[in-house]
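So the chains spell out like this:
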Amino acid sequence: MKKRAGFVVIVALTAIVFCFLGWRLWPHTFSALTSFDENSVASFWIQAVVRQYEDEQAYNDTYYCIDVEQPQDNKLDEILKILNTSNYQQDYRNLLPGDIDTVHPDKNYDGNTVELCYAWGSEPDEYISVRFLSSSTIAVFIGGESGLHIYHPTNHETLYHLVEYLKVHGTVTTVSYP
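Overview of the structure.

Here is what the cut-offs are and how they apply
- Residue numbers run consecutively from 1 along every chain, following the written order of its sequence.
- Owing to the predicted nature of the model, reporting of local features is limited to residues with pLDDT of at least 70; listing and counting of side-chain atom pairs is limited to 80 or more, with chain, interface and lining totals taken over all residues.
- As a rule here, side-chain values cover all heavy atoms of the structure and leave hydrogens and water aside.
- A patch is a set of surface residues, each over 30% in relative accessible area and not in a salt bridge, joined within 9 Å for like charges and within 5 Å for the nonpolar side chains Val, Leu, Ile, Met, Phe, Trp and Tyr.
- Reported accessibility uses the Shrake-Rupley method at a 1.4 Å probe radius. Residues are deemed covered only where the shown protein chains occlude them.
- In what follows, salt bridge is the name for a side-chain nitrogen of Lys or Arg lying within 4 Å of a carboxyl oxygen of Asp or Glu.
- Numbering of helices and strands runs from the N terminus, with a helix taken as a DSSP run of H or I at least four residues long and a strand as a DSSP run of E at least two residues long.
- Each residue gets one of three labels from its accessible area relative to the maximum for its type: buried under 20%, exposed over 50%, partly exposed in between, using a 1.4 Å probe on protein chains only.
- Planes of paired rings set the category: under 30 degrees apart is stacked, over 60 is edge-to-face and the rest tilted, where pairs are Phe, Tyr or Trp rings (Trp by its six-membered ring) whose centres lie within 6.5 Å.

## Quick notes on a nonpolar patch on the surface
In step 1: A cluster of nonpolar side chains, contributed by F7, V8 and V11, occupies part of the molecular surface with about 290 Å² of accessible area.
In step 2: With respect to the helices and strands, the residue V8 is situated in helix α1 (residues 2-25).
In step 3: On the basis of relative accessibility, which here comes to 49%, the residue V8 falls in the partly exposed class.

## Remarks on the packing of aromatic side chains
In step 1: The full count for this structure, using the stated rule, is four aromatic pairs.
In step 2: With 6.2 Å between their ring centres and 65° between their planes, F30 and Y88 make a pair best called edge-to-face. Here F30, found in helix α2 (residues 30-34), pairs with Y88, found in strand β3 (residues 88-90); they are 58 residues apart in sequence, far enough to count as distant. Neither residue differs from the other here; F30 and Y88 are each classed as buried.
In step 3: Taking the centre distance of 5.9 Å and the plane angle of 45° together, the rings of Y127 and F141 count as tilted. One end of the pair, Y127, is in strand β5 (residues 127-134); the other, F141, is in strand β6 (residues 137-142), and 14 residues separate them in sequence.

Okay, here's the thing in structure tokens:
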């Protein structure tokens, strides 16, 4: 009888662990990922950085930026449509105890990054920052929380669509580094 009770406990704990892992790794929409509510956005800013290498030492960074003064602006809707073309799966590092302080681009980094920030109030903890480090890795910082959350877009073209949108609609600045 004791063996059977021990077996039942082990099976129950294993099932709970697998359910928890499945829940954490299940894809999320952008709005579920960031608790994004279009109606409460007070400010919105998005920037793409396109890095072009001239050689091993020299490169140019071109910045394409949109700072949405009116959150109800059409640009915000268009950017959200691009972000919603993908779902986002959590990274295994989100399951580890402790905070994630740094995230580096993975092998899919090609010189393009996009960062977007939005706030829904004036307090320091009322904002979210999302950074596309590569076509397959994003880092999310939610004000008021410590550490980063790492996600992987299911649509690897999302980063490129954002960059193309910002190239057309953003203001441009180029910086050269020796």
